[in-house]
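Chain and residue survey
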Amino acid sequence: ETGVTQTPRHLVMGMTNKKSLKCEQHLGHNAMYWYKQSAKKPLELMFVYNFKEQTENNSVPSRFSPECPNSSHLFLHLHTLQPEDSALYLCASSQRSGRVTGELFFGEGSRLTVL
Amino acid sequence: AQRVTQPEKLLSVFKGAPVELKCNYSYSGSPELFWYVQYSRQRLQLLLRHISRESIKGFTADLNKGETSFHLKKPFAQEEDSAMYYCALLSGGYNKLIFGAGTRLAVHP
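Quick look at the structure, then.

Cut-offs used in this document
- Residues numbered from 1 in each chain as written.
- Chains lettered and ligands numbered in written order.
- Predicted model: local features only at pLDDT ≥ 70, side-chain atom pairs only at ≥ 80, totals over all residues.
- Heavy atoms only, no water.
- Helix = DSSP H or I, 4+ residues; strand = E, 2+ residues; numbered from the N terminus.
- Rg over C-alpha atoms; globule rule 2.2 N^0.38 Å.
- Contact = heavy atoms within 4.5 Å.
- Areas by Shrake-Rupley, 256 points an atom, 1.4 Å probe, with all protein chains shown as cover.
- Disulfide = S-S within 2.5 Å.
- Buried < 20%, exposed > 50% of the residue type's maximum accessible area, 1.4 Å probe, protein only.
- Buried area = accessible area lost by both parts, 1.4 Å probe.
- Salt bridge = Lys/Arg side-chain N within 4 Å of Asp/Glu carboxyl O.
- Polar contact = N/O pair within 3.5 Å; in protein donor to acceptor, adjacent residues only side chain to side chain.
- Core = buried A, V, L, I, M, F, W, Y, C linked by side-chain atoms within 4.5 Å.

Check the secondary structure of chain A and you find 0 helices and 11 strands. Helices and strands appear in chain A in the N-to-C order β-β-β-β-β-β-β-β-β-β-β. For 115 residues, the compact-globule formula gives about 13 Å, and the C-alpha radius of gyration of chain A, at 14 Å, lands near that figure. A separation threshold of at least 6 residues defines the contact pool for chain A, and within that pool the share at least 24 residues apart is 53%. Of the roughly 5400 Å² of accessible surface on chain A, 49% is carried by carbon and sulfur atoms.

Rendered as structure tokens:
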């Protein structure tokens, strides 16, 4: 499969659960991103990884824990979330060598509902 | 502070009418701006970037540094243009984008 794939597409969890979101890209990119899209709010950048190294943590609460084992995979581990964390979580990837293009390739998102 | 503002949540027009989706930005350096689009049931994707000075699907956008704006325009809207449009500002030395809240364009027959 090509492009950026996110699983699961939908997730419902309780506040005491631990779950993970997975993102996989088959584009040969070496930068990956997590964005949060809440209703009526702009897309919020959460984390950025370049060549598996975290280069951005946009003041995200510690109940969100990212993991990037290689340039093709990105995880977002979730634990003790709050109902206000319910949102669409978007993964994206881009090339990160030399010229910055501003072009991100997005997945379809994981819709998270915290009860 | 770096910020992107899209003042309209919804823009509703009839087919064939001109369209202008507004975007204003706040950035201390030399900005690089983009428009992204999300059609129904599709993923968010790049529409155009200001440095390319290109026209994509009939859309153009001009960077106006004096007014700190990057409005998206199309002279004659089509029904297939109906989508969510996001303006984005490049921030930092890699592909870190700051997005606006988005404007939903609805083109009616």
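So that's the structure; there's more coming.
Below, the discussion takes up the state of the cysteines. Here the structure, examined in full by the defined rule, presents 2 disulfides over all chains. A sulfur-sulfur separation of 1.9 Å characterises the disulfide bridge that pairs C23 of chain A with C91 of chain A. Between C23 of chain A and C91 of chain A, the S-S dihedral sits near -75°, and the bridge is therefore left-handed. Of this pair, C23 of chain A sits in strand β3 (residues 18–25) while C91 of chain A is found in strand β9 (residues 87–94), placing the two residues 68 residues apart along the sequence. Both residues of the pair, C23 of chain A and C91 of chain A, belong to the buried class. The disulfide partner of C23 of chain B is C87 of chain B, and the S-S distance across this bridge is 2.0 Å. On the S-S bond that ties C23 of chain B to C87 of chain B, the torsion sits near -65°, and the link is left-handed. With C23 of chain B in the loop between β3 (19–21) and β4 (24–26) and C87 of chain B in strand β9 (residues 83–90), the pair connects residues that are 64 residues apart, well separated along the chain. For C23 of chain B, a relative accessible area of 0% gives the class buried. According to the relative accessible area criterion, C87 of chain B is buried, its value standing at 0%.

Counting residues at the interface gives 23 residues for chain A and 17 residues for chain B. Counting each side, the surface lost to burial between chain A and chain B is near 1900 Å², with a carbon and sulfur contribution of 50%. Counting the contacts that link chain A with chain B gives 3 salt bridges. One salt bridge connects E108 of chain A with R43 of chain B, and the closest N-O pair in it is separated by 3.6 Å. Taken together, the connections running from chain A to chain B amount to 8 residue pairs in polar contact (both at pLDDT 80 or more). Sorting the residues of the side of chain A that touches chain B by element identifies β4 (31–37), β5 (44–50) and β6 (53–57) of chain A as the ones contributing at least two each.

With that settled, consider the nonpolar core. The biggest cluster of nonpolar side chains holds 25 residues, and the ones touching the most others in it are W35, L47, L48, F70, L72 and Y85 of chain B. At the level of secondary structure, the elements contributing two or more residues to this core comprise β2 (10–14), β3, β5 (33–38), β6 (45–49), β8 (69–74), β9 and β11 (103–108) of chain B. For this core, the leading source of residues is β9 of chain B, giving 4 residues. In contact with Y85 of chain B, not counting residues within four places along its chain, are Q6, L21, W35, Y36, V37, Y39, L47, F59, L72, G102, T103 and L105 of chain B. Core analysis: the next-biggest nonpolar cluster, separate from the first, contains 22 residues, C23, C68, L76 and L78 of chain A among them.

Below, the discussion takes up the environment of S93 of chain A. All names here are of chain A. Along the chain, S93 falls in strand β9. As for S93 and L27, which are separated by 66 residues in sequence, their C-alpha atoms are 8.2 Å apart. Setting aside anything within four residues of it in sequence, one finds S93 in contact with V4, Q25, L27, H29, A31, M32, Y33, E103, L104 and F105. Separated by 2.8 Å, the side chains of S93 and H29 make a polar contact.

Another aspect to go through is the pattern of salt bridges. One pass over the full model with this rule turns up 9 salt bridges over all chains. The closest approach of N and O atoms between E103 of chain A and R49 of chain B, which form a salt bridge, is 3.3 Å. Of the two residues, E103 of chain A sits in the loop between β9 and β10 (105–106) while R49 of chain B sits in strand β6, which places them in two different chains. Judged by relative accessible area, E103 of chain A falls into the partly exposed class, the value being 23%. On the basis of relative accessibility, which here comes to 14%, the residue R49 of chain B falls in the buried class. For E20 of chain B, the salt bridge identified is with K22 of chain B, shortest N-O distance 2.7 Å. What emerges from the salt-bridge pattern is a single network uniting R9 and E108 of chain A together with R43 of chain B.

No statement about biological role is implied by the geometric values presented.
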